[in-house]
Amino acid sequence: MAFESLHEFFAMGGHAPYVWAAWGVTAGLLIAIVLHARAERRLLMRNLQRRVRREERLGTGQGEMAEISHQVGGNHHDS
Amino acid sequence: MWAFINKLRSPKWFYAIGARLQPFFWLAAVVLILVGTVWGLAFAPADYQQGNSFRIIYVHVPAAFLAQSIFVSMAVCGLVFMVWKIKVVDMAAAMMAPLGAAMTFVSLFSGAVWGVPTWGTWWMWDARLTSMLILLFLYLGVIALRGAFSSRDSASRAASVLAMVGVINIPIIKYSVDWWYTLHQPATFTITGRAAMPMEMWAPLLIMVMGFYSFFIAVTLMRTRSEILRRESNKRWVRDLATEER
């Protein structure tokens, strides 16, 4: 251990604001990136399932699918 | 090599192989980043000149490495896309841009915060800092360009070209500390020379760098697979996926 006590660890030898700001922002961004990737995947899968279910109910063929996909998957540039 | 490029033509193959590789990279990312964080923050010795503010290096350097590597990856993807018209490669490139921008921001922010106690300023128009800021703008440019076209193919080609041209900035970033020796210190890691730090300091840094690279690969695999769901949603096999996962 480079520190004598927990208090000293948090104080970072007087450099606490700098060290914790840098680490906090980094950790926050990494976590946000993971959460976003998970939410994105779930949303896309749910949209896809909803669409497939609706098409099964309506009994639409391949031809009409292209049109529907335009509405459902229309949000292309949101990344 | 050719077999690999041919396989990449199939989003279905990428989707399946990505699912198998992903868990290993997530595991590696989590373990390496956690170990590197505890080691770097609590166990590595304080620097004899900078004290504890030097611990910022453990997020600053990995983020800066990734920021540059992701841009190079994006440029390579752009080239492969332009030559062989492989869609999956373009999807991966599209997913890399926001991550690269985030990493560039992390390296700039952590550098600024580190600069205050070390250099007495958070910003200076030093060559390294300026070229990193340009990198951030290049990333934002690539992202904006993708959004600016109504045709997907035009957007992909424009983004590929900008990535391929913008990659010139990478050697400038790398050699900026040698060409214009102003404020930023030279490279911490060199392939040839001895390490500029004792082992207890660079071992956690190496672990963090590997963790960040694993994170990049894991996120890119995951998001490219999502992008396949988005772009290929008319394909039979994608529709079958939706029924399987129900």
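All values reported here derive from a predicted model rather than from experimental measurement. (Residues numbered from 1 in each chain as written. Chains lettered and ligands numbered in written order. Predicted model: local features only at pLDDT ≥ 70, side-chain atom pairs only at ≥ 80, totals over all residues.)

Scanning chain B for helices and strands turns up nine helices and zero strands. Moving toward the C terminus, one meets the helices and strands of chain B in the order α-α-α-α-α-α-α-α-α. In terms of C-alpha radius of gyration, chain B reaches 20 Å, essentially the compact-globule figure of 18 Å for 246 residues. Expressed along its principal axes, the backbone C-alpha trace of chain B runs to roughly 65 × 35 × 30 Å. Long-range contacts, defined here as pairs at least 24 residues apart, represent 78% of the contacts in chain B between residues at least 6 apart. (Helix = DSSP H or I, 4+ residues; strand = E, 2+ residues; numbered from the N terminus. Rg over C-alpha atoms; globule rule 2.2 N^0.38 Å. Contact = placed C-beta atoms within 7 Å.)

Residues and elements named next belong to chain B. Residues Ile-56, Ile-70, Met-74 and Ala-93 are the most contacted members of the largest nonpolar core, which totals 75 residues. In terms of residues, this core owes the most to one element, helix H4 (residues 87-119), which gives 17 residues. Among residues more than four places away in sequence, those in contact with Ile-70 are Met-96, Leu-99, Gly-100, Met-103 and Phe-216. (Core = buried A, V, L, I, M, F, W, Y, C linked by C-beta atoms within 7 Å. Buried ≥ 20, exposed ≤ 12 C-beta atoms within 10 Å, placed from the backbone.)

You'll often see interface size given as the accessible area lost when the parts meet. Contacts between chain A and chain B engage 32 residues on the former and 43 residues on the latter. Elements with a minimum of two residues in the side of chain A that touches chain B: helix H2 (16-58) and helix H3 (62-72) of chain A. Among the elements that make up the side of chain A that touches chain B, the one with the highest residue count is H2(A) (18 residues). Of the residues that constitute the side of chain A that touches chain B, the class distribution is 21 nonpolar, nine polar and two charged. (Nonpolar A, V, L, I, M, F, W, Y, C, P; charged D, E, K, R; others polar.)

All names here are of chain B. The first and last C-alpha atoms of H4 sit 46 Å apart over 33 residues, in line with the 48 Å expected at 1.5 Å per residue. The sharpest bend along H4 measures roughly 25° and falls at Met-96, with the proline Pro-98 sitting one to four residues further on. With 26 of 33 residues buried, H4 is to be regarded as a mostly interior element. Downstream of H4 by a residue or two, Gly-120 has a phi angle that is positive, lying close to 80°. (Expected span 1.5 Å × (residues − 1). Bend = angle between axes of the 7 residues up to and from the residue.)

On to the environment of B:Glu244. Residues and elements named next belong to chain B. Structurally, Glu-244 is set in helix H9 (residues 236-244). We classify Glu-244 as exposed; it has 7 C-beta atoms within 10 Å. Glu-244 sits 100 residues away from Ala-144 along the chain, and the two C-alpha atoms are 36 Å apart.

As a further point, take the confidence of the model for chain B. On average, residues of chain B carry a pLDDT of 91, and 95% of them reach 70 or more. Interface scoring of the predicted complex returns ipTM 0.90; its pTM is 0.89. (pLDDT = per-residue confidence, 0-100.)

Okay, the packing of H2(A) against H9(B) next. It is at 9 Å that the axes of H2(A) and H9(B) come closest, and there the two elements cross at 95°. By the criterion of interaxial angle, the relationship of H2(A) to H9(B) is roughly perpendicular. Residues A:Met45, A:Leu48, A:Gln49 and A:Val52 of H2(A) form the contact with H9(B), whose participating residues are B:Val238, B:Arg239, B:Ala242 and B:Thr243. Residues of the contact of H2(A) with H9(B), tallied by class, amount to five nonpolar, two polar and one charged. (Axes fitted to C-alpha atoms, helices over the stretch in contact; angles between N-to-C directions. Parallel < 35°, antiparallel > 145°, perpendicular 65-115°, else oblique.)

Take helix H3 (residues 57-84) of chain B next. Helix length check: H3(B), at 28 residues, gives a terminal C-alpha distance of 40 Å against a target of 40 Å (1.5 Å per residue), a fit within 8%. Looking one or two residues past H3(B), B:Lys85 carries a phi angle of roughly 55°, positive in sign.

On to the confidence of the model for chain A, then. Residue and element names in this part refer to chain A. Taken residue by residue, chain A gives an average pLDDT of 81. The fraction at 70 or more is 75%. Of all the helices and strands in chain A, H3 carries the lowest mean pLDDT, 50, while H2 carries the highest, 93. Across residues 73-79, where pLDDT falls below 50, the model places eight contacts with residues more than four positions away in sequence or in other chains.

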